[in-house]
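Coordinate analysis (summary)
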Amino acid sequence: MTYVVVARYRTKEGEENTVLPLLDTMAAASREEPGNLAYRVHQGTEDPRAIVLYEEYASEADFTAHCATPHFQEIVLGRVVPLLESRDVLRCAPRPEAVA
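None of these values were measured; they are calculated from a predicted model. (Residues numbered from 1 in each chain as written. Predicted model: local features only at pLDDT ≥ 70, side-chain atom pairs only at ≥ 80, totals over all residues. Heavy atoms only, no water.)

**Re the overall build of the chain**
What counts here: Secondary structure elements follow DSSP: runs of H or I of four or more residues count as helices, runs of E of two or more count as strands, with numbering from the N terminus. Throughout this description, buried means an accessible area under 20% of the type-specific maximum (1.4 Å probe, protein chains only), exposed means over 50%, and partly exposed covers the range between. The criterion used for residue contact is that any of the two residues' heavy atoms lie within 4.5 Å. Here the open area of atoms and residues is found with the Shrake-Rupley method and a 1.4 Å probe, where only the protein chains shown may cover a residue. Positive charges come from Lys and Arg alone, negative charges from Asp and Glu alone, with His and the N- and C-terminal ends not counted. Taken as the charge centre is NZ of Lys, CZ of Arg, CG of Asp or CD of Glu, depending on the residue.
From N to C terminus, the chain includes three helices and four strands. Reading the chain from its N terminus to its C terminus gives the helix and strand order β-α-β-β-α-α-β. Residues counted as buried form 37% of the 100 residues belonging to the chain. Taking the intrachain contacts of the chain between residues at least 6 apart in sequence as the baseline, contacts between residues at least 24 apart amount to 68%. As displayed, the chain offers around 6100 Å² of accessible surface, 53% of which is attributable to carbon and sulfur atoms. Counting 10 positive and 16 negative side-chain charges, the chain places the centres of these two groups 3 Å from one another.

Next comes the structure, spelled out in C-alpha cells:
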C-alpha cells in the first residue's frame with residue numbers, strides 16, 4: 001500500500017518564479033530517494049501563485065525519511081517556506097477497494 005502526500009502552497013506575491021525552480025531541484029533529489037515512487041510539481045493555470053506537489057512513497061516511513069533529508073531541510077524548510085503565503089499538507093493512504 002502506498003502513502004501519498006499532497007502539498008498545496010501559495011507563494012507570496014511575485015515569488016512563484018523563485019519557488020518553482022527550487023521545487024524542481026527538490027523533485028529531482030526526492031526521486032532519487034529509496035521508497036519515493038513519484039514527486040510531481042504542478043502550477044495553477046488560473047492562479048500562478050498556487051502550487052501543488054503530488055508525492056508518492058512506498059510507506060509512511062519512507063515519507064518520514066524524506067522529511068529528514070538534507071535537501072528537504074535546506075530547500076523546502078530553509079528556502080521555500082519563507083517565500084510562501086500559505087502551506088497545507090495532506091497525508092493520504094488508499095482506501096480498500098470496495099466489493100460490489
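Picking up after the structure, the text goes on.
**What to know about the packing of helix α1 (residues 16-31) against helix α3 (residues 70-80)**
What counts here: To get an axis, fit a line to the C-alpha atoms, keeping to the stretch in contact for a helix; angles then go from 0 to 180 degrees between the N-to-C directions. Convention used here: angles under 35 degrees read as roughly parallel, angles over 145 as roughly antiparallel, angles from 65 to 115 as roughly perpendicular, and any remaining angle as oblique. Crossings are sorted by hand: turned counterclockwise from the far helix by less than a right angle, the near helix makes the crossing left-handed, and turned clockwise it makes it right-handed.
At their nearest, the axes of α1 and α3 sit 10 Å apart, and the two run at 165° to each other. On the basis of the axis angle, α1 is roughly antiparallel to α3. When the axes of α1 and α3 are compared, the crossing they make is left-handed. For the pair α1 and α3, the contacting residues are Val19, Leu22, Leu23, Thr25, Met26, Ala29 and Ser30 in the first and His71, Phe72, Ile75, Val76, Arg79 and Val80 in the second.

**Let's talk about the sheet that holds strand β3 (residues 50-57)**
Strand pairing in a sheet takes place through backbone hydrogen bonds and is either antiparallel or parallel in direction. Under the convention used in this document: At least two bridges found by DSSP between two strands are what make those strands a pair.
Taken in spatial order, the four strands line up as β2-β3-β1-β4 in an open sheet, and their pairing is antiparallel. Single-partner strands in this sheet number two, and they are β2 (36-43) and β4 (84-92). Strand-to-strand twist of the sheet, defined as the mean angle between neighbouring strand axes without regard to direction, takes the value 10°. Where strand β1 (residues 3-11) and β3 come together, eight bridges link them in antiparallel fashion. Following the sheet pairing, valine 4 is matched in β3 by glutamate 56. The sheet strands contacting α1 are β1, β2 and β3, and the helix crosses β2 at an angle near 170°. Against the sheet, helix α2 (residues 60-67) engages β1, β2, β3 and β4, with an angle of about 125° to β3.

**Examining the nonpolar core**
What counts is decided by this rule: Grouping buried Ala, Val, Leu, Ile, Met, Phe, Trp, Tyr and Cys residues that are joined through side-chain atoms within 4.5 Å yields what is termed a nonpolar core.
Tyr9, Leu23, Ile51, Leu53 and Val80 are the most contacted members of the largest nonpolar core, which has 22 residues in total. When residues in this core are grouped by element, the largest group, six residues, is from α1. Not counting residues within four places of it along the chain, the set of residues in contact with valine 80 comprises Tyr9, Val19, Leu22, Leu23 and Ile75.

Scope: geometric values only; no functional claims are made or implied.
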